[in-house]
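# Structural overview
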Protein chains: 2
Amino acid sequence: MNPPSPREQDILAAAASLFAQQGYPGTSMSQLAAACGLSKPALYHYVPDKAELLARICEAHVEKLAALVREERALKLAPEAQLRELVRRFLQVYGEARHEHRVLTEDLKFLPEPRQQRIRELEREVVSGFADALAALQPALAQQQLAKPVTMLLFGMINWTYTWHRPDGPLSDAQLAELVNGLLLGGLPALGQAGRAS
Amino acid sequence: MNPPSPREQDILAAAASLFAQQGYPGTSMSQLAAACGLSKPALYHYVPDKAELLARICEAHVEKLAALVREERALKLAPEAQLRELVRRFLQVYGEARHEHRVLTEDLKFLPEPRQQRIRELEREVVSGFADALAALQPALAQQQLAKPVTMLLFGMINWTYTWHRPDGPLSDAQLAELVNGLLLGGLPALGQAGRAS
DNA sequence: CCTACCGATCGGTAGG
DNA sequence: CCTACCGATCGGTAGG
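What you see is a predicted model, and the numbers here were worked out from it, not measured in a lab.

Between chain B and chain A, the residue contacts involve 41 residues of the former and 41 residues of the latter. Here chain B and chain A share an interface that buries about 3,300 Å² over both sides, 76% of which is from carbon and sulfur atoms. At the boundary of chain B with chain A, the tally comes to two salt bridges. The salt bridge involving Lys109 of chain A is made with Glu106 of chain B; its shortest N-O contact spans 3.0 Å. Counting across the interface, chain B meets chain A through two residue pairs in polar contact (both at pLDDT 80 or more). At 10 residues, the largest contribution of residues to the side of chain B that touches chain A is made by helix α10 (residues 173–187) of chain B. In terms of residue class, the side of chain B that touches chain A is built from 23 nonpolar, 13 polar and five charged.

Taken together, Ser39, Pro41, Ala42, His45 and Tyr46 of chain A together with Thr27, Ser28, Met29, Lys40, Tyr44, Asp49 and Lys50 of chain B make up the full set of residues near DNA strand C. Here the atoms of DNA strand C within 4 Å of the protein split so that 67% fall in sugar or phosphate, with bases taking the remainder. In the environment of DNA strand C, a phosphate oxygen lies 2.4 Å from a nitrogen or oxygen atom belonging to the side chain of Ser39 of chain A. Residue assignment for the surface near DNA strand C shows that the elements contributing at least two residues are α3 (40–46) of chain A together with α3 (40–46) of chain B. Considering each element in turn, the surface near DNA strand C owes the most residues, four residues, to α3 of chain A. Grouping the amino acids of the surface near DNA strand C by side-chain chemistry returns five nonpolar, four polar and three charged.

On to the environment of Gln116 of chain B. Residues and elements named next belong to chain B. By the element assignment, Gln116 lies in helix α7 (residues 113–137). Taking C-alpha positions, Gln116 is 25 Å from Gln31, a pair spaced 85 residues apart along the chain. Not counting residues within four places of it along the chain, the set of residues in contact with Gln116 comprises Leu108, Lys109, Phe110 and Leu111.

On to the protein's contact with DNA strand D. The local shell around DNA strand D consists of Thr27, Ser28, Met29, Lys40, Pro41, Tyr44, Asp49 and Lys50 of chain A together with Ser39, Pro41 and Ala42 of chain B. Sugar and phosphate atoms form 48% of the subset of DNA strand D atoms that lie within 4 Å of the protein. Within the backbone of Met29 of chain A, an N or O atom sits 2.9 Å from a phosphate oxygen of DNA strand D. Contact between DNA strand D and Tyr44 of chain A: a phosphate oxygen at 2.8 Å from a side-chain N or O atom of the residue. Mapped by element, the contributors of at least two residues to the surface near DNA strand D are α3 of chain A together with α3 of chain B. Considering each element in turn, the surface near DNA strand D owes the most residues, three residues, to α3 of chain A. Residue composition of the surface near DNA strand D, grouped by class: five nonpolar, three polar and three charged.

This brings us to the layout of surface pockets. Within this model, the largest pocket holds a volume of roughly 1,200 Å³. In this structure, the largest pocket is lined by 41 residues; those nearest its centre are Thr163, Trp164, His165 and Arg166 of chain A together with Met152 of chain B. For the lining of the largest pocket, the secondary-structure elements that each account for two or more residues are α1 (6–22) and α6 (98–107) of chain A together with α4 (50–75), α5 (79–96), α6 (98–107), α7 and α9 (147–159) of chain B. Along the lines of polarity and charge, the residues of the lining of the largest pocket split into 18 nonpolar, 12 polar and 11 charged. By volume, the second largest pocket amounts to about 1,000 Å³. Those elements that provide at least two residues to the lining of the second largest pocket are α4 (50–75), α6, α7 (113–137) and α9 (147–159) of chain A together with α1 (6–22) and α6 of chain B. No other element matches the six residues that α7 of chain A contributes to the lining of the second largest pocket. Of the residues in the lining of the second largest pocket, the class split is 14 nonpolar, seven polar and 11 charged.

Residue and element names in this part refer to chain B. Within the structure shown, the criterion is met by 31 salt bridges over all chains. Across the pair Arg118 and Glu63 runs a salt bridge, and its minimum N-O distance is 2.1 Å. Highlighted residues: Arg118 in helix α7 and Glu63 in helix α4, separated in sequence by 55 residues.

Quick notes on the rules
The written sequence of each chain sets the order in which its residues are numbered from 1. As a convention, the first chain written is A and the first ligand written is 1, with the rest following in written order. In keeping with the model being predicted, local features are shown solely for residues with a pLDDT of at least 70 and side-chain atom pairs are shown and tallied solely at 80 or more, while totals for entire chains, interfaces and linings include all residues. Processing note: side-chain calculations cover all non-hydrogen atoms of the structure and skip hydrogens and water entirely. Whether two residues are in contact is decided by their heavy atoms: any pair within 4.5 Å suffices. Values labelled buried area give the accessible surface lost by two parts on being combined, using a 1.4 Å probe and summing over both. By salt bridge we mean one thing: a side-chain nitrogen of Lys or Arg within 4 Å of a carboxyl oxygen of Asp or Glu. Here a polar contact is taken to be a pair of N or O atoms separated by no more than 3.5 Å, where protein atoms must pair a possible hydrogen donor with a possible acceptor and residues adjacent in sequence count only if both atoms sit in side chains. Elements are defined by DSSP. Helices are runs of H or I of four residues or more, strands are runs of E of two residues or more, and each kind is numbered from the N terminus. Three classes are used: nonpolar for Ala, Val, Leu, Ile, Met, Phe, Trp, Tyr, Cys and Pro, charged for Asp, Glu, Lys and Arg, and polar for all others, with Gly counted as polar. Near residues are defined by distance, with any heavy atom within 4 Å of the molecule or strand qualifying the residue. For each structure, a 1 Å grid was placed over the protein atoms alone; sets of points admitting a 1.4 Å probe that cannot get out are labelled cavities, open sets with protein on both sides within 12 Å along at least five of seven lines are labelled pockets, and lining residues have an atom within 4 Å of a point. Grid points are joined across faces, edges and corners, and a volume is the space filled by probe spheres set on the points.

This is the structure in structure tokens:
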């Protein structure tokens, strides 16, 4: 609840890295302590328990994403520009916080239910931000109740990138965003009659 | 190595379900035994160890996908038709084997390296099948070395569906495939000049 | 009596 | 196919 101290930030970053590589249940507090150069009791001086670590990593990450969506909303750009910016900035954040993003994606399910709910609520807010921009850009989508499915296909493209995209590779985050935006905005007009039984 | 007995198939299916929900390290062999209505020693009569379970689930699933790609290749359809069919049939398989697909996606990393390699090789074969079809459809992509990135964005759309798409929901697997194909094939022409630094 | 820790070990449970 | 266990390691905490 308090603003995390610098030492706490280091611990959260180390935990995110280990959880991302080994999964939450596959990571021991002893490993984490060793990675931080602390004894286990010293680690427990900074962190109440293992689940709290996971919760704080997920909360901080999704709150950053939700804040980004609110910020873009406030700018009131044209729908296409807003969508482009959302994609570009999300991929930028994912590139900066790839461990945290992977933990949110794969390990959220290990949190106790009540703790998950607040995070899932923020996730829904993020999804709505994209879905609203899509619906504004292509009202026909919303009429066919396809705004959410298409939004999730878009999230598939960007959320899946951690499995293959290397930030130090030949394709930059910005080029990747161009590619996603090209595919999405080029493909949207074709969706007029899709989604219906053939 | 031997063809799995019906009992073994049940165990693999139960294991896939538990691994998908709780993760591989988060699932105990006692839990699995209980889910199968077996004692733990009885379970170990059918399965040598925990990692072997994970390996067989991943291998069987990726082999099915690789076989599907080879089958489509042999049909020698036109590039667009081939791509459409690949997307449609992959989403169909994912719908039938959602647990196995999630396990392959999230838990493959827990296998010992040598065991991972054979599976990753088959994954690369699958990716190449899609990338080749994409390159045949849009030669400009291959020239800009964008066939692989675009292929991975496509896999993002379809591989991410397990996080949100419910087979018993309002959107059928077939409609979902239509949506993905519409977005992909509609968006491809727009990618001529994407992926370059702006 | 506070903080920031230490070496050692707690009660339980993991895979086998 | 059971009960009864093992060496080790789990998350978390004792006294100093």
